[in-house]
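# Coordinate analysis (summary)
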Amino acid sequence: MNPIELYIHIPFCVKKCLYCDFLSGVFDEKMQRRYTAALCTEIKYVAATHPNCIISTIYVGGGTPSWLSEDLMDAIITTVKECFKIDPLAEISVECNPGTLSAEKLNVYRSIGINRLSIGLQSANDDELKELGRIHDYNRFLHTFDLVRKAGFDNVNVDIMTGLPHQNVAKLEKTLNAVTMLRPEHISAYSLIIEKGTPFYEKYRFDAVKQQAGMETEELPTDEEAYRLYKFTMDYLENKGYKRYEISNYARNGKICRHNVGYWDRVPYLGVGLGSASLFDNVRTTNLRDIYKYVEISEAIENGTIPSAELSSPYFDSEEQLSKKDAMEEFMFLGLRKIDGVARSDFFQMFGIDIEAIYGPIITALRNQGFMEAKEGRLYLTDIGIDVSNQVLSKFLLDK
Amino acid sequence: MDQSKIRNFCIVAHIDHGKSTLADRIIQMTGTLTDREMQAQVLDNMDLERERGITIKSQAVRIIYKADDGQEYIFNLIDTPGHVDFNYEVSRSLAACDGAILVVDAAQGIEAQTLANVYLALDHDLDVIPVINKIDLPSADPEHVIEEIEDIIGLEAQDAPQISAKTGLNIHDVLEAIVHQLPAPNGDVKAPLQALIFDSLYDPYKGVIVFCRVKEGTLKVGDKVRMMATNAEFDVVEVGYFGAGQFIPCDELPAGMVGYMTASIKNVRDTRVGDTITHVNRPAAEPLPGYKKVNPMVYCGLYPADGAKYPDLRDALEKLQLNDAALQFEPETSIALGFGFRCGFLGLLHLEIIQERLEREYNLDLVTTAPSVVYRVHKTDGTMIELTNPSNLPDPSEIDYMEEPMVDAEIMVTSEFIGAIMDLCQERRGQYISMEYIEETRALIKYTLPLNEIIYDFFDALKSRSRGYASFDYEMKGYQKSELVKLDILINKEEVDALSFIVFSGTAYERGRKMCEKLKDEIPRHLFEIPIQAAVGSKVIARETVKAMRKDVLAKCYGGDISRKKKLLEKQKEGKKRMRQVGNVEIPQAAFMSVLKLDED
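A brief report on the enclosed structure follows. Because the structure is predicted, anything quoted here is derived from the model rather than measured.

## Things to note about the overall build of chain A
Within chain A, the regular secondary structure consists of 15 helices and 15 strands. Put simply, chain A has 400 residues, and 46% of those count as buried. Summarising the internal contacts of chain A: among those between residues at least 6 apart in sequence, 71% fall at separations of at least 24.

## Some points on helix H9 (residues 418-427) of chain B
Residue and element names in this part refer to chain B. Every buried residue belonging to H9 is among Ile421, Leu424 and Cys425, and all of these are buried. Buried residues of H9, seen end-on, are gathered within an arc of 95° and therefore sit on one face of the element. Across H9 from its buried face, at more than 90 degrees, point the exposed residues Gly419, Asp423, Gln426 and Glu427. Turning to H9, the residues buried within the fold contact strand E23 (399-414), strand E25 (442-450) and helix H11 (458-465). Looking one or two residues beyond H9, the residue adopting positive phi is Arg429, at roughly 65°.

## Topic: the packing of helix H1 (residues 29-49) of chain A against helix H2 (residues 70-83) of chain A
Residues and elements named next belong to chain A. One can describe the packing of H1 onto H2 by two numbers: an axis separation of 9 Å at closest approach and a directional angle of 10°. If you check the angle between H1 and H2, you find them roughly parallel. Facing H1, whose interface residues are Gln32, Arg33, Thr36, Leu39, Cys40, Ile43, Lys44 and Ala47, H2 presents Leu72, Ala75, Ile76, Thr79, Val80 and Cys83. The class makeup of the residues in the contact of H1 with H2 is nine nonpolar, three polar and two charged.

## Some thoughts on the sheet that holds strand E7 (residues 207-216) of chain B
Residues and elements named next belong to chain B. With respect to topology, eight strands assemble into an open sheet ordered E10-E9-E15-E6-E7-E14-E11-E12, the strand pairing being antiparallel. Looking at which strands have only one partner, the edges of the open sheet turn out to be strand E10 (233-235) and strand E12 (246-250). Across the sheet, the mean angle separating the axes of adjacent strands is 40° when strand polarity is ignored. In the sheet, strand E11 (residues 238-243) pairs with strand E14 (residues 258-262) via three bridges, with the strands oriented antiparallel. Paired with Val239 across the two strands is Met261, which belongs to E14.

## A look at the interface of chain A and chain B
In this complex, chain A contributes 34 residues to the contact, which on the side of chain B involves 21 residues. Among the elements of the structure, strand E1 (2-10), strand E6 (186-191), helix H8 (223-239), helix H9 (258-264), strand E9 (269-272), strand E11 (283-287), helix H11 (324-335) and helix H15 (389-394) of chain A are those that each provide at least two residues to the side of chain A that touches chain B. It is H15 of chain A that provides the largest number of residues to the side of chain A that touches chain B, a total of five residues. Within the side of chain A that touches chain B, the residues separate by chemical class into 15 nonpolar, 14 polar and five charged.

## Observations concerning the nonpolar core
Ranked by size, the top nonpolar core spans 162 residues in total, and within it Ala100, Leu102, Cys212 and Ile411 of chain B carry the most contacts. The element contributing the most residues to this core is E23 of chain B, with seven residues. Leaving out residues up to four positions away in the same chain, Leu102 of chain B has contacts with Val12, Val118, Val128, Ile129, Pro130 and Val131 of chain B. Core analysis: the second largest hydrophobic core is formed by 79 residues, Cys13, Ile114, Ile160 and Tyr250 of chain A among them.

Rules and cut-offs
- Residues numbered from 1 in each chain as written.
- Chains lettered and ligands numbered in written order.
- Predicted model: local features only at pLDDT ≥ 70, side-chain atom pairs only at ≥ 80, totals over all residues.
- Helix = DSSP H or I, 4+ residues; strand = E, 2+ residues; numbered from the N terminus.
- Buried ≥ 20, exposed ≤ 12 C-beta atoms within 10 Å, placed from the backbone.
- Contact = placed C-beta atoms within 7 Å.
- Arc of directions from axis to C-beta.
- Axes fitted to C-alpha atoms, helices over the stretch in contact; angles between N-to-C directions.
- Parallel < 35°, antiparallel > 145°, perpendicular 65-115°, else oblique.
- Nonpolar A, V, L, I, M, F, W, Y, C, P; charged D, E, K, R; others polar.
- Pairing = 2+ DSSP bridges.
- Core = buried A, V, L, I, M, F, W, Y, C linked by C-beta atoms within 7 Å.

Here it is in C-alpha cells:
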C-alpha cells in the first residue's frame, strides 16, 4: 500500500476577496451541486486509476469549502471513503470562513471524520477586513471560533496576514493578541502578495514595485516596515509558544499541518477538483481550470463515454514528467522551506549521489554568507536565510 | 553622349529643410519612376535612414529630363549625408559634382548647417542655385529668406524657385534652373584616367561597388585600374550608371559621367572615399586633390549582452565594415563585460547608427560603454600614446601631461537665447572666440570646445536651452593640453573597468557624484549592502549605498501547485542572467549605459 495525500478543491466563494488570485468564483447552489457530483465522479476515476493507495491526509481547500451545504460535503467525504483506503489516523482538514459554519454543519463534519479546521481570519481589525474585501468582521470570527470549539474540534488553524496596506505594528499586535488568546493549535501568517489579475494589483501595483525596490511607498508598508511586521509576528508567536516549522506556519504542541508538510517532503499526492495539482510517480499534473469543461467531462464519464484525451487523464491540463534534475531541485527548494531543512542522507537515498556533489559550491557560498547552516547531517536556512528565501531558494535551480 | 547635356549636381541643406523630399520629387517629375514605384524618399534606402529622416550613405541616381528647349538632359543627382559626423563624405560627394542646389526652409531661413554646406560647396567651386522650400507653410516668409540668402551668403536669390517639395509646387522651375544655371562638366575623354571615388557599397555577389565621377579620360570594362592612394590594382568587370534604386550596366564611363564600377573587390578599405582611380598602363600624373584618410573621433566598447554571442558580433562588425570604411574595431576584454570590441566612429551619430544596425539587422543585444574621444598621453619618458580606452591610461607617475581634441563650433541662435547658449558653452569648458549678428535677431557664436564635452548630449542641451532654435556645426581643430583625470567606479569595493572614464579634473567631483546616484538607482538590492564609490586615483570623491534586501519571502502555498512556485523561482533566476556579475554583485546592463545620461535632469 502506498501512502498518499489527497487534495480536494472547492472553487466557490460567497464573494471574491480583493487580493485573492486562487481559482474560485461566486456560483449558485445549482452549480455547486453539479460540481460536487462531477467531483465525486473524478474521485472514483482517480481511485480506479491509482489502486493500492492508502490516504494519510485529506485537505479540502478552496475557495471556501465550508460554504458548501453539509450534504454536499458529506457526499464528497463519503465518496472518498468508498473509493480509497484511509489511514484510521488520517488528518482530514477543511478550509472555513467565518460566517459559513453552523453547529449542525460542524456536527456533520465531525460525524464524517473531519478532524481539523482552518479558519481564514486574516485580521482582527475590522477596517483591514473591509479593505481586504472579506465577508466577515472580527465578531463574526469569534462566534465561528466558539462554534468550532463547542463542536469539539481540537486541531484548529487560524490564518492571518501581514504587510497589509496601512498596517503597523500596533494593528498587527492587536490581531496577534486576539488570535493567540484563543489558543488555536496552529497559526499561518502569510505576507500579502500583490498578484496580477486581482483588484489589489490594479490598486497597488506601483506601490508593490516601490516596495520591492526599497523605495518610499504610498499605502503598502515599505520594505523595511514589512520586514518589521514579519519579524514581529515571528517573535510574538514564538513567545506565545507557537513554534515556526515552515516559512509561514506555526504550531503549538507539535500540531503541525501534516498535509502541507507532505508537499515540502514530496510525498505523493493526488489532487481532485478544478485546477488541482498532483504529484505521483514523479509526474506532476494539474487539472483543467474551466469549470464547465470540468463538469462536462465528469458527466460524459457518468454516461459511459470516456472522453479521449492527449494527456493521461481527461481532467488534465498539464502533465510533466520530472527529470532527476527537476526532482533534486524540488527536494531542495521545497525541503528548505521547513525550519529543520533537509537531511543529507535523504538526498543520497533518493538520488544516489552526495548532496555536495551537486550543490557543494552553492551550499558553501550560502553558509559563508550566513544564510544556511549545517548540523547533525541536516542542512537548513538560518533566520536571515528564510527572510530572503525567494532569493536563496532560486539558487538551487540547476542550469539546463 | 554630348557633355553639354550632362548636369552633375547635389542638393545641400540644413537637416529637415527638405533635401530628400526635393530629390524624390525631382526623380518623380522627370518620369524615371511611375508614381506606383515611387516610395517615399527613394534615395534613403536603408530602413534606418528613412526612419530617422537622415541620409547616412551617399546615393546617386541618373535621370533623364526633357527640358522646355526640347532637348534631353542627363541629370546625375548625388545625395550627400547631412550630418557633421560625415563631413568628409560630404566634401567628396561635392567634389563629384559641378553644381549644387541649396535648399532653404521658407520658415526657418538659414541655419548653421546651411552655411557650413554652402561654404563647402563654394570651396569646391560649385555653382549654387538657391531654392526656397516649404513655401506652403503658413509661417513661410520667402521675402525674408531671400534677403537672408543675399545678405549672409551673397547669392543672388530674387529669382530663386519658390517651391513645396511636399506638394510638388514649382518643381519644374528647379529642373529648368538646373539646365540653365548649372554648368555642364568638362574633361577630356582621351586624357589619362582620373575618376574620383565618392562612395562604395559592398554587394555579396559583385564585391565592392565603387561610386565614381570620371573627371578625365574614360573608364571601360576590361581596363586594368589602380587606386592611387592605396595602390590596389583591379580588372574592371562592369561599369554602369544608377537607375532609381538599381545599377544599369553600360560599356564605358567617359569624362563628365557619374557611375559605378565593379572589379571583384573584396575589401571596401581598398577603395577609400576620396581616392582617385587611374589606369595602370597610362596613369594620371597626379591624383585628384583632397584625399585624406578619415580617422575615428569617438571610441567605445561594444559587448554582446550574451557572452556566447561574441563571434556573432565579430561577424556583424565585419559585414558592416564592408560598407563603412570609417568603422574601426579591435577585440578587447573587460573584467566586467568579458569579450568585446573597442570600436572607432566618426562621431556619436555614427556610433548610434552602427549600434542600432547591429541590434536591428543582426539581432544582437549590446552593452555599450561610455564613448570616449582619443586623448594624447605624453609620458615622462618622452613617448606619446593615443588613448582610446580609459582603462589603458598609464599610471599617473608615468604621465607628463595629457591633451584632448578640440573643435571649432559655430552656433547660430536667435538673440533671446544667446545668453543661455553662452552659459552652456561656458559650462562645457568652451573658449569664446567671437559673436556676430548676421541679422538683427540672429547671431553666429563661435566657440572652441573640447570634443569630449560635445559627444554626449551637447546637441540635446543646445536644443532644449534654445527651445529648438539653435543650430550647430563644428570642425576639428586639433589637440590642446588639459587637466584630465581618470574617474573610476568601485562597486562593492571592486573597480569596474567598463565604467571608468576620462574627465576634466574640475568636473570630476560632480560627474562622480551623479554617476554614483545613477548607479544606486540602477543596481537592484542584493542580499548584502553594496557601496558604490567614485574615485580618482586612490581618493574616493563620492559614495552611495544600495541597501541590503532583508525580506523576500515566497510564502503562499498554492494548494500543492509546485510548478507555479518553481516558475516564480525561475523568473527570479532568469532576471539574474540579464545581469553582469562583477565580484558578487549583479549589475544590470542598463547601468553601463547610464553614464551616457548624466545630464538628463
